[in-house]
Structures are given as C-alpha cells and as structure tokens.
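The chain contents come next:
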Amino acid sequence: STNSATIFGLGAGGQNATPSASTAYTTAVGTGALPALTTGTNAAALGFAALDVATSSGSNTAIGLCALGGANQNFCGGFTFPGTFGSYNTALGNSAGFNLGSGSYNVALGDSAAFNQRNGSSNISIGEYAGGGNSSYSANGTISIGDNAGTLLNNGADYNTLIGYHAGYNVG
C-alpha cells in the first residue's frame with residue numbers, strides 16, 4: 001500500500017488496506033485486526049480482533065486475541081464499545097486492555113489485564129485479570145501487579161498501588 005501499512009488477514013486493516021488511506025505506518029495481522037482505524041498512525045495489532053474498535057488513535061500496540069479490542073462481543077467477552085480510542089496504550093495477552101475507550105498511556109500485560117478499563121489513563125496492570133474493573137470503570141494512575149490484583153476496581157479508584165494476589169480486590 002502507499003501508506004506504509006502492513007496488512008495480513010481476513011478483514012484486517014480496514015481503510016489501511018486501500019491506497020487512499022489517510023492513516024500511515026500501521027501493522028494489522030490477524031482476522032479482524034485493526035479494521036476500523038480511519039485517523040491515526042503508528043498502530044500495531046497482532047491477533048484476532050486486536051484493536052478492533054479503534055477508529056481514531058495513534059501509537060497503540062495490541063498483541064493477542066482481542067487485545068485492546070471490544071467490538072467482537074460474541075467471541076471476546078460480551079461487550080461492545082465502538083468509537084474513539086486513546087493513544088499510547090500497550091496490551092499483551094488475550095483480551096488485555098479489552099474495552100479500553102479514550103484512556104491513554106496504559107500498559108496491560110497478561111490474560112484479561114485491564115479488562116473493562118474504559119477511560120482511565122496512566123495505569124499499569126500486570127497479571128491475569130489485574131486492574132480489571134466493574135463494567136466500564138475509569139481509574140487513573142493505578143498500578144496493579146499480581147493475579148487479580150485490582151480486580152473489580154470502581155470509578156474513582158485513582159492513584160493506588162496494588163501488589164500481590166487479589167490485592168485491592170473491589171477498591172473504589
């Protein structure tokens with residue numbers, strides 16, 4: 001393509017797969033990876049439905065089944081939140097960062113890490129379900145490390161450091 005995009009997979013890349021695309025320097029590998037991006041650059045999506053709801057964002061990295069995803073509700077967890085997407089987010093793991101909305105500067109490492117972190121920014125979630133909140137919560141500046149650390153965070157659970165198995169369960 002003429003926009004320096006690398007696309008591989010059924011339904012991958014969306015507008016990026018056309019020579020007239022206004023986005024640039026994106027990589028989409030996997031069925032349904034990065035299908036909706038219309039504005040933004042420097043995105044990398046590897047895995048089924050990775051970064052599938054990002055329409056306007058940049059510099060996001062999603063690796064894993066449904067990582068930083070949210071539109072494929074039947075396969076990825078039952079929720080759908082299409083639309084604007086934050087920037088400078090990194091997710092590695094199946095469903096890591098799933099349902100992230102306009103939040104930016106988040107790191108999610110592990111199966112379902114930061115699941116449902118809707119609009120919060122500057123969060124670090126490491127471990128299975130670490131930093132996973134109640135449906136569509138927003139927290140800022142929270143560090144959750146460990147299996148289920150920070151699970152079921154609620155809105156306003158800002159600036160916490162939660163380390164260890166189930167640390168800070170249901171904080172809010």
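Residues numbered from 1 in each chain as written. Predicted model: local features only at pLDDT ≥ 70, side-chain atom pairs only at ≥ 80, totals over all residues. Heavy atoms only, no water.

**Student:** Requested: an account of the confidence of the model for the chain, with residues and values cited.
**Tutor:** Mean pLDDT over the chain stands at 82; residues scoring 70 or higher make up 83%. Put simply, helix α1 (residues 73-76) is where the chain has its lowest mean pLDDT, 55, and strand β7 (residues 124-126) is where it has its highest, 96. (pLDDT = per-residue confidence, 0-100. Helix = DSSP H or I, 4+ residues; strand = E, 2+ residues; numbered from the N terminus.)

**Student:** An account of the packing of aromatic side chains is needed here, citing residue identities and associated values.
**Tutor:** Considering all chains together, one arrives at 2 aromatic pairs under this definition. With centroids separated by 5.2 Å and ring planes inclined at 20°, the aromatic side chains of F98 and F115 adopt a geometry described as stacked. Pair noted here: F98 is in the loop between β5 (90-92) and β6 (107-109) and F115 is in the loop between β6 and β7, with a separation of 17 residues, a long-range link. The buried category is assigned to F98, whose relative accessible area is 0%. Here F115 falls in the buried class, since its relative accessible area comes to 16%. (Phe/Tyr/Trp six-rings, centres within 6.5 Å; stacked < 30°, edge-to-face > 60°. Buried < 20%, exposed > 50% of the residue type's maximum accessible area, 1.4 Å probe, protein only.)

**Student:** Could you give me a rundown of the sheet that holds strand β2 (residues 27-29), with the residues and numbers involved?
**Tutor:** Ordered by their spatial adjacency, 9 strands build an open sheet running β1-β2-β3-β4-β5-β6-β7-β8-β9, and the pairing between neighbours is parallel. Of all strands in the sheet, those bounded by a partner on one side alone are β1 (6-8) and β9 (161-163). On average, each strand axis in the sheet is inclined to that of its neighbour by 5°, with strand direction left out of account. Where β5 meets β6, 3 bridges bridge the pair, whose relative direction is parallel. Residue pairing across strands places L92 opposite L109, the latter belonging to β6. (Pairing = 2+ DSSP bridges. Axes fitted to C-alpha atoms, helices over the stretch in contact; angles between N-to-C directions.)

**Student:** Explain a nonpolar patch on the surface residue by residue, including any values.
**Tutor:** Residues L46, I63, L92, L109, I124, I126, I145 and I163 make up a contiguous nonpolar surface patch of about 600 Å² in total accessible area. Relative to the helices and strands, I124 resides in strand β7. Taking relative accessible area as the criterion, I124 reaches 33% and is therefore assigned partly exposed. (Patch = residues over 30% accessible without salt bridge, like charges linked within 9 Å, V, L, I, M, F, W, Y side chains within 5 Å. Areas by Shrake-Rupley, 256 points an atom, 1.4 Å probe, with all protein chains shown as cover. Salt bridge = Lys/Arg side-chain N within 4 Å of Asp/Glu carboxyl O.)

**Student:** Explain the environment of N155 to me, using residue names and the numbers behind them.
**Tutor:** If you trace the backbone, N155 turns up in the loop between β8 (143-145) and β9. Remark: the alpha-carbon pair of N155 and V171, spanning 16 residues in sequence, is separated by 9.1 Å.

**Student:** I'd like to hear about empty space enclosed by the protein, residue by residue, with values.
**Tutor:** Counting across every chain of the model gives 1 cavity of 30 Å³ or more. In this structure, the largest cavity spans a volume of roughly 60 Å³. For the lining of the largest cavity, the residue count by class is 5 nonpolar, 6 polar and no charged. (1 Å grid on protein atoms, 1.4 Å probe; cavity = no way out; pocket = protein on both sides within 12 Å on 5 of 7 lines; lining within 4 Å. Points joined across faces, edges and corners; volume = space filled by probe spheres on them. Nonpolar A, V, L, I, M, F, W, Y, C, P; charged D, E, K, R; others polar.)

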